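# Coordinates in review
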Amino acid sequence: MKLKQYDAYTPYAYLEGDPAYRVFTPTPQLGRAPSYIIDVTPDEEARVHRLLGANITVSLHDHPIARPIDLNDYFDYRKQGRDVTAYAGLSVAQLDAVFDNLMDGNAVITSSRGWKWHDVLYDLGMRLADIAHQSMLFLATTAQDIQVAKETGRIAWFPALEAATPIENELDRLDVLYGFGIRCIGVAYTESNSLGAGLREPRDGGLTVFGRQAVQRMNRLGMLVDVSHVGDQTALDTVEVSESPVIITHAGARALWPSRRMKPDEVIRACAQSGGMIGLEAAPHTTITDRHPYHNIDSVMEHFEYCVNLVGIEHVGFGPDTMFADHAGSHRVFASVMSKDASFAGKDHPTVPYVAGLENPAENFLNITRWLVKHGYSDDDISLVLGKNAMRVLSQVLKS
Amino acid sequence: MTDHPTLGTDGGNSAVNVKGKKYAGYRSFSYLTAGEDYREYRLAPQSDRVPPFEVVVDPAEEERAQRLLEENIVISLHDHPTVQPEDLGDLFGYIRQGRQATAFEALGASYLDCVFDNLMDGTAIITSNSGWKFDDVVLDLGIRLADIAHQSFVFHCRTAADVHRAKREGRLAWVAALEAATPIENELDRIDILYGLGVRLMGVVYSESNTLGSGLREPHDGGLTVFGRAAVRRMNQVGVAVDVSHTGDRTALDTIDVSTKPIFITHAGARALWATSRMKPDDVIRACAAAGGVIGIEGAPHTTLTAQHREHSIESFMEHFEYCANLVGIDHVAFGPDTMYGDHVGLHHAFARHLSIASSHQGPEFEEVEYVRGIENPTEAFPNIARWLVRHGYSDEDIIKVLGGNILRVLDQVWVK
């Protein structure tokens, strides 16, 4: 197991709360939903602990934050622009690196519809100011930083954006975001932007002329290009244009579950052929399967095994997309802003209050490792999917 | 790191690294294609733009000066280590593009372990005509950081430990600073945000008043405003160093009174020697020192003049230094030469209105110089300061304090982590 240098810092403790800012009671970071532990033997559990201690773990996509307990406060909380990093939860999450996707489509500080340039800067700057006041998390910009985190009992924090929408028509904003530490950007979220088509659109015009320039600029800068939320043609165009490996940080296989949010085989294959990878998604009601319609770790791992069989284990990892809060509830609150109807349209499925086994970052990697051990994966294969594959891609794409 | 040398766009000789410094050939924005991704301007040479000037010392003194520079931490409390266009007719176009070149090569030859870089300050007119916009500050800072992230000699400094690391590793700790808090408008949270994005020092106000307080050009000084008081308090809590270089006198005294941490006058001189609003009266310098702070001596053209040296040079600059050291003690004095790689006098003319140059310089008559001999740019300033101090019989202990030790003492108290 990993022991992290947690200093019990409370978010924004450098200020005194009211009146500097309104304090919302945050969700508890541990024990909020019943914990779900995959049943393994004591020997298997010992192997899980050894594997997590010995290997680098990377979450390619998460939102490791708490939220107000009362979801009625959510808009006011977000408007204030002071998201609460879940330091306590992360201290036991067995992660050496986490890609934190900030407020993404529900950054509604200065607007009602999100994705504004100013809001992204506010959100990022505020999180960084808080992170600078403690020592467990640090702003990471290179693959070596992950190694350093592992060796020093810290966590490499990578700020990421799920969409390039806030750059509008300014390529130079990519340099600016890179300058402030952003190392992974999605081409588009579910809604189309100036770069390309989002997955909700009835037609997909592919990567635009500006989108092509933006992908090239991201390559020149040394940034990961993410196609998780784009339409299929836009994803394929991105892989074709990009000089660096392209990544799907959080999705699953459409062959198992026919929603737009899942990726068809050819997109997963194209990413793998570019040297990239897919991180398995676990946000509620995404990676479901016919065999496991009640979304839980078994349905997610069915998507995992499908991808491994499709493109090889070297091209698969995890981007669970979880938080220390009621994710299904926040989907309901932000359904319209985040185009949830279009993302989930497909087959009927039962709803769950949370995804058993992958409910929050604190339990994800423990349960993933338990599942892999229980299902007979080798130490080598487990080390690849926990972090080695991500390290390979990051070493290639990020400048160091 | 991609430290691939590319063809320089400036003239002049190439500067050579001083001992131990690890500049490796990177030129600004070489991760992109000039002419395609951005418009290329012919830039001023990073060395020998004007005839180099060395303070005259004997060989033993030179050896002592070199040793002091090599063995101790050297910090510039205020500079603009950027390269300006060779033809100042290009200045506005160059600035509007928002891509200022960092003088990496010249900094490798500079003996500096740490530099407070004040970015475009009042000349940031990327999206406006009069400067100081939040958007422009963020664009300016982000582009500079993106460039810095593509080489390994200069790195973004966020803690006092980073300054020591730079010395140890032969690198340069680059501190992002703003000469005025004007871009925060009426939003305290922007202090957190700018800190998060990497800013570690802010002036309360530039020469023109803002929401925090009065600038030095104003006929009357209303002191630190209610918002200004809250902002100084927030800077203390967040860990942003506070600078009163360009404020009015009342505003400076109020700031020192309100601040729970020592403050800086990063770049100024003594009004007792030269009676302009840009210089500080004894009571402000004394109050700054009494609170544990430091004054960095200013070297921008036509600022730190004296009756004895009406032609601005290192001699007038050091007269201000000695006056301050005598006034408040050597523990409270350092250097913020406020220089750049390019024609500073020409830039003052081009931006006279933006920078309120007329009211800053108004006072006794003086002869305009083309440049300040001995402290023309960041590379020559510190070797000449060290030579001057050695020549004038300062002890090693005192020289170590004014080159960087005094500033580090304040940073340890002000920068919270």
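Residues numbered from 1 in each chain as written. Chains lettered and ligands numbered in written order. Predicted model: local features only at pLDDT ≥ 70, side-chain atom pairs only at ≥ 80, totals over all residues.

## Brief notes about the interface of chain A and chain B
- Each partner contributes residues to the interface: chain A has 25 residues there, and chain B has 26 residues.
- Contributions of two or more residues to the side of chain A that touches chain B are made by α4 (117–131), α6 (172–179) and α7 (209–221) of chain A.
- Partitioning the side of chain A that touches chain B into residue classes produces 14 nonpolar, 6 polar and 5 charged. (Contact = placed C-beta atoms within 7 Å. Helix = DSSP H or I, 4+ residues; strand = E, 2+ residues; numbered from the N terminus. Nonpolar A, V, L, I, M, F, W, Y, C, P; charged D, E, K, R; others polar.)

## Digging into the environment of Arg260(A)
Residues and elements named next belong to chain A.
- When you line up the elements, arginine 260 lands in the loop between β9 (246–251) and α9 (265–273).
- Sequence spacing of arginine 260 and serine 343 is 83 residues, and the spatial spacing of their C-alpha atoms is 5.7 Å.
- Apart from residues no more than four positions distant in its own chain, arginine 260 is found in contact with Leu199, Arg200, Ala342, Ser343 and Ala345.

## Focus on α7(A)
- Helix length check: α7(A), at 13 residues, gives a terminal C-alpha distance of 19 Å against a target of 18 Å (1.5 Å per residue), a fit within 8%.
- On the buried face of α7(A), the contacting elements are α6, β7 (184–186), β8 (224–226) and α8 (232–241) of chain A together with α4 (134–148) of chain B.
- Downstream of α7(A) by a residue or two, Gly222(A) has a phi angle that is positive, lying close to 100°. (Expected span 1.5 Å × (residues − 1).)

## Examining the packing of α8(A) against α9(A)
All names here are of chain A.
- Taken N-terminus to C-terminus, the directions of α8 and α9 make an angle of 15°; their axes are 10 Å apart at the nearest point. The orientation of α8 relative to α9 falls into the category roughly parallel. The two elements α8 and α9 meet at a crossing, and its hand is left-handed. Contact residues: α8 offers Asp232, Ala235, Leu236 and Val239, while α9 offers Val267, Ala270 and Cys271. (Axes fitted to C-alpha atoms, helices over the stretch in contact; angles between N-to-C directions. Parallel < 35°, antiparallel > 145°, perpendicular 65-115°, else oblique. Left-handed = near helix turned anticlockwise from the far one by under 90°.)

## What to know about helix α7 (residues 226–238) of chain B
- Between the first and last C-alpha of α7(B) there are 18 Å, a value that for 13 residues agrees with the 18 Å anticipated at 1.5 Å per step.
- Listing the buried residues of α7(B) in full gives Gly228(B), Ala231(B), Val232(B), Arg234(B), Met235(B) and Val238(B). Within α7(B), the buried residues cover an arc of 160° as seen down the axis, which keeps them to one side.
- Elements in contact with the buried residues of α7(B): α4 of chain A together with α6 (189–196), β7 (199–203), β8 (241–243) and α8 (249–258) of chain B.
- Looking one or two residues past α7(B), Gly239(B) carries a phi angle of roughly 105°, positive in sign. (Buried ≥ 20, exposed ≤ 12 C-beta atoms within 10 Å, placed from the backbone. Arc of directions from axis to C-beta.)

## Focus on unusual backbone geometry
Residues and elements named next belong to chain A.
- Note that the residue after aspartate 18, namely proline 19, is joined by a cis bond; omega there is 5°.
- Along the chain, proline 19 turns up in the segment before α1 (42–54).
- Even without being a glycine, alanine 8 presents a positive backbone phi close to 60°.
- Of note, alanine 8 is situated in the segment before α1.

## What about the confidence of the model for chain B?
Residues and elements named next belong to chain B.
- On average, chain B scores 94 in pLDDT, and the residues at 70 or more come to 97%.
- Predicted confidence for residues 1–11 stays below pLDDT 50, and this span has 28 contacts to residues more than four positions away or in other chains.
- At the level of chain-chain contacts, confidence expressed as ipTM amounts to 0.88, with global pTM at 0.92. (pLDDT = per-residue confidence, 0-100.)

## Quick look at the pairing of β7(B)
All names here are of chain B.
- Counting buried positions along β7 gives 5 out of 5 residues, so the element sits mostly inside the fold.
- Pairing geometry for strand β6 (residues 172–178) and β7, over 3 bridges, is parallel. Each residue of the ladder has a partner; that of alanine 176, found in β7, is valine 199.
- Note: β7 against β8, 3 bridges, orientation parallel. By the bridge assignment for β8, leucine 201 is matched with alanine 241.
- Handedness of the crossover is the feature at issue here: the chain leaves β7, passes through α7, returns alongside β8, and the resulting connection is right-handed. (Pairing = 2+ DSSP bridges. Right-handed = clockwise from strand over helix to strand, strands pointing away.)

## Quick word on the packing of α6(A) against α4(B)
- Across the interface, α6(A) lies against α4(B) with an axial gap of 7 Å and an inter-helix angle of 75°. Relative to α4(B), the element α6(A) lies roughly perpendicular. Along the contact surface, α6(A) presents Asp172(A), Asp175(A), Val176(A), Leu177(A), Tyr178(A) and Gly179(A), while α4(B) presents Val138(B), Leu139(B), Gly142(B), Ile143(B), Arg144(B), Leu145(B) and Ala146(B).
- Its residues assigned to classes, the contact of α6(A) with α4(B) comprises 8 nonpolar, 2 polar and 3 charged.

## Examining the environment of Ala176(B)
Residue and element names in this part refer to chain B.
- Looking at where alanine 176 falls in the secondary structure, it is placed in strand β6.
- When the C-alpha positions of alanine 176 and glutamate 380 are compared, they lie 22 Å apart, and in sequence the two are 204 residues distant.
- Excluding its chain neighbours within four sequence positions, the residues that come into contact with alanine 176 are Asp117, Leu119, Leu141, Gly198, Val199 and Arg200.

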